[in-house]
Amino acid sequence: IRYFCLSRGLGDVYKRQIIMFMKKIALLLLLVPFFVFSQDDLLNELDNNSEVDNKVTSVFKALKVVNFESTKLVNKKDLYLIIAHRFGSVKNGIDDFFGLDQAVTQIKFIYGLTEWLNLGAARSSNQKKYGLQAKYRLKYQETDGFPVTIVGYNLITANTALKDDIYPNIEFQDRLTYTSQLLISRKFNDNLSLLLAPTYIHENLATRSYVLQEDGSTKTYDEDNDQFAIGVGGRYKISKRVSINIDYGIHLNRNSNSVYNNPLSIGVDIDTGGHVFQMNFTNAQAMFTEGFITQGQGDWSDGDFFFGFNLIRVF
């Protein structure tokens, strides 16, 4: 530096400024490795202290498999509006436009109270039923740990269509039905998820079957007030945004004289990016859980089934 200054005739003031500048450059070059290694150490420390999240998510993309509840929950503070339609049986063909004239509708609101708890309320035109529900996550499936996701589901419904002239002594509590389910699912890979749903239903006024006798008279058979069922279902992705879904309910103590059948449902889920649009075919027109399990009135073997779909809006 001194040679540089002397060769150009620079004075002492310039000489000192150049020397100070070069010292700063040298100091900066010495500190660069320190900053680089310090940043790496900080990132490594953050990685080491961060919790490894091995929860398995997106087991199902929709709140229902088809009819049965899935283990998916609404996100915290999200509000879902679900408008579900089930048309009449396609069996009658063009007479009622393949069931279009006999459609029933359910309107449901579901709110994510917490990350693990959903609360909901619904009203269905089928039997003019009102329902309140709670759905809550008990355990996540883990990639290297717990093998399944477990969710609890409870529903209470009130059948307001029951007539006083048919049931002259009916009271409000007679209209109530209680449903409890344990929803157990496993995601086997990106394409396949399966569900098992042990179900308990208590009807204060049990489901009644009316059976026509040979002499033209009608005989009635009542179910037990306590009924048990097992739901099985699954989802298989056939493309990035489309899956085929199926579920089936096995009623374990149905009356042998019952006119109702176990519910079998087949559906298609279409992921639009913002939500999932569902179309389905089922032999049970009711949409509340106890309704389609205990009163599946259609018979697939006779071509007696119903077309339906769910429209979902998230707020």
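Residues numbered from 1 in each chain as written. Predicted model: local features only at pLDDT ≥ 70, side-chain atom pairs only at ≥ 80, totals over all residues. Heavy atoms only, no water.

1. Quick word on the sheet that holds strand β2 (residues 104–112)
Paired through their backbone hydrogen bonds, the strands of a sheet run either parallel or antiparallel. We count it as follows: A pair of strands counts as paired when DSSP detects no fewer than two bridges linking them. Strands here mean DSSP runs of E at least two residues long; helices mean DSSP runs of H or I at least four residues long; both are numbered from the N terminus. To obtain each axis, a line is fitted to C-alpha atoms, and for helices this fit is confined to the stretch in contact; angles are then taken between N-to-C directions over 0 to 180 degrees.
Pairing in this closed barrel of 12 strands is antiparallel, and the strands run β1-β2-β3-β4-β5-β6-β7-β10-β11-β12-β13-β14 around the ring. The sheet shows a mean angle of 20° between the axes of neighbouring strands, direction not considered. Here strand β12 (residues 264–271) pairs with strand β13 (residues 276–282) via 7 bridges, running antiparallel. Along β13, the bridge assignment pairs Asp-271 with Val-276.

2. Thoughts on the confidence of the model for the protein chain
Inclusion rule: pLDDT expresses how confident the predictor is about each individual residue, on a scale running from 0 to 100. Contacts are assigned to residue pairs that have any heavy atoms within 4.5 Å of one another.
Mean pLDDT over the protein chain stands at 85; residues scoring 70 or higher make up 83%. The low-confidence segment residues 28–52, where pLDDT is below 50, has 0 contacts with residues more than four positions distant or belonging to other chains.

3. Let's talk about the pairing of strand β7 (residues 192–203)
Threshold: The cut-offs for exposure are 20% and 50% of the maximum accessible area for each residue type, with area from a 1.4 Å probe on protein chains only; residues under the lower value are buried, those over the upper are exposed, and the others partly exposed.
Going residue by residue along β7, you find Ser-193, Leu-195, Ala-197, Thr-199, Ile-201 and Glu-203 tucked away on one face and Leu-192, Leu-194, Leu-196, Pro-198, Tyr-200 and His-202 left uncovered on the opposite face. Inspection of the sheet shows strand β6 (residues 176–187) paired to β7 by 9 bridges, in the antiparallel sense. Looking at β7, one finds that Tyr-178 is bridged to His-202.

4. Remarks on the pairing of strand β10 (residues 226–237)
Strand direction decides the pairing type here: β7 and β10, joined by 11 bridges, are antiparallel. Paired with Leu-195 across the strands is Gly-233, a residue of β10. One ladder, built from 9 bridges, connects β10 with strand β11 (residues 242–251); its direction is antiparallel. If you follow Ala-229 over to β11, its bridge partner there is His-251.

5. Side note on the nonpolar core
Counted only if it meets this: In plain words, nonpolar cores are sets of buried Ala, Val, Leu, Ile, Met, Phe, Trp, Tyr and Cys residues tied together by side-chain atoms within 4.5 Å.
Formed by 20 residues in total, the largest nonpolar core has its most connected members in Phe-68, Leu-183, Leu-195 and Ile-293. Residue assignment for this core shows that the elements contributing at least two residues are β5 (149–159), β7 and α3 (289–294). Not counting the four nearest positions on each side in its chain, Leu-183 is found in contact with Glu-69, Ser-70, Thr-71, Lys-135, Thr-149, Ile-150, Val-151, Tyr-153, Leu-195, Leu-196 and Ala-197.

6. Some thoughts on the packing of aromatic side chains
Applicable threshold: The pairing test for Phe, Tyr and Trp rings, Trp by its six-membered ring, is centres within 6.5 Å, and the orientation test on the planes gives stacked under 30 degrees, edge-to-face over 60, and tilted for anything in between.
For the structure on display, the rule yields 9 aromatic pairs. Ring geometry for Phe-87 and Phe-309: centres 5.9 Å apart, planes at 50°, overall tilted. Taken together, the residues span a long stretch of sequence, with Phe-87 in strand β1 (residues 79–89) and Phe-309 in strand β14 (residues 306–314) at a distance of 222 residues. Just as Phe-87 is buried, Phe-309 falls in that class too.

7. A word on unusual backbone geometry
The backbone phi angle of Ser-58 is positive, close to 55°, even though this residue is not glycine. Positionally, Ser-58 belongs in the loop between α2 (12–49) and β1. Residue classification places Ser-58 among the partly exposed residues on the basis of a relative accessible area of 38%. The phi dihedral of Lys-77 is positive, around 70°, even though this residue is not glycine.

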